[in-house]
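Okay, here's what each chain looks like letter by letter:
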Amino acid sequence: MPELTYALSPSKPALQLPAGACDTHVHVFGPGTQFPYAAGRSFTPADAGKHTLFALHRHLGVSRCVIVQSACHGLDNSAVQDAIAAGGGNYLGVALVAADVSDGELARLAGAGFRGVRFNFMRHLAGVRIEDVLALTPRLAAAGLHLQVHFESSLVHTVGRQLQASAVPVVIDHMGRVDARLGAGHADFQALMQLLADQPQFHVKVSGVDRIDSQPPYAQGKPLARLLVERFPTQCLWGTDWPHPNHTHVPDDGLLVDALADIAPTPALRQALLVDNPQRLYRF
């Protein structure tokens with residue numbers, strides 16, 4: 001049996017989230033009997049379907065969500081599309097596509113509630129040429145879709161800079177996967193902040209404090225997220241990354257919500273991070 005990567009009984013957060021709070025980064029896995037996993041997948045997850053996700057969000061006080069297609073389902077976005085359809089208008093999606101995807105498929109995805117497409121530049125996931133992704137962005141613009149990217153922190157200096165040629169807004173996952181132990185002064189984190197300063201159309205997800213810092217309560221990761229939120233209050237998004245695939249430990253999603261008290265320490269910052277910024281980008 002695949003190892004469970006999410007807590008079956010996460011703690012109840014003490015922090016009350018603002019009305020309309022959005023978790024902008026989760027996945028749905030299966031169930032495999034209904035949505036088979038891709039033959040060429042790099043991992044096989046335990047099932048984590050839409051009903052489990054919906055229950056988690058009720059528990060956490062989250063009312064909106066963006067579901068990101070997982071590599072374990074390949075380019076078949078059916079599991080995400082099914083969850084969007086069941087979400088009553090409060091769940092949207094980000095798809096995985098090939099760089100040569102047809103305009104017709106982009107239009108179909110946009111009509112089904114997808115708001116962006118994601119490309120992975122991580123070593124453990126299938127790669128793609130940045131030149132091909134950039135060539136796709138004018139067609140993304142025509143379909144009303146943005147670009148989401150997941151890369152290792154060292155690539156912020158190369159791929160990150162090249163992405164400035166994108167014809168659509170760019171969302172950088174998980175704080176660019178910087179190493180929190182290296183602190184805010186490290187060249188990778190400084191380059192990430194410079195990208196955000198140079199490009200107002202760039203956004204960053206302050207999800208993954210538990211990925212850049214493997215030790216709860218993430219005392220090294222939270223200050224980096226807070227610095228991004230305070231310096232770029234209109235360009236940051238937040239997510240739990242449930243159900244936490246390819247992880248070092250099983251995070252407590254209630255603890256991740258409570259971390260927002262440190263990451264976005266004022267009601268105004270939490271309103272921007274959790275409500276206003278997602279509304280503007282994803283158009284609920």
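Residues numbered from 1 in each chain as written. Predicted model: local features only at pLDDT ≥ 70, side-chain atom pairs only at ≥ 80, totals over all residues. Heavy atoms only, no water.

Taking an unreviewed UniProt entry as the reference, the chain is identified by name as Amidohydrolase family protein belonging to Delftia lacustris.

Trainee: Now, about the sheet that holds strand β8 (residues 236-237): what can you tell me, with residues and values included?
Mentor: Read across the sheet, eight strands follow the order β1-β2-β3-β4-β5-β6-β7-β8 without closing on themselves; strand pairing throughout is parallel. Since the sheet does not close on itself, it has two edges, and those belong to β1 (22-26) and β8, each with one partner. Where β1 and strand β2 (residues 64-68) come together, three bridges link them in parallel fashion. The residue bridging D23 from the neighbouring strand is C65, located in β2. Where helix α2 (residues 78-86) meets the sheet, it contacts β2, β3 (91-96) and β4 (114-120), and its direction lies at approximately 165° from that of β3. (Pairing = 2+ DSSP bridges. Helix = DSSP H or I, 4+ residues; strand = E, 2+ residues; numbered from the N terminus. Contact = heavy atoms within 4.5 Å. Axes fitted to C-alpha atoms, helices over the stretch in contact; angles between N-to-C directions.)

Trainee: Describe the pairing of β2, naming the residues involved and giving the relevant values.
Mentor: Taken across its five residues, β2 has four buried, putting it largely inside the fold. As for the winding sense of the linkage, the β-α-β connection from β1 through helix α1 (residues 50-60) to β2 is right-handed. Summarising the sheet, β2 and β3 pair through four bridges and their orientation is parallel. The residue of β3 that forms the bridge with V66 is L92. Chirality of the crossover, the property in question, places the unit of β2, α2 and β3 among those that are right-handed. (Buried < 20%, exposed > 50% of the residue type's maximum accessible area, 1.4 Å probe, protein only. Right-handed = clockwise from strand over helix to strand, strands pointing away.)

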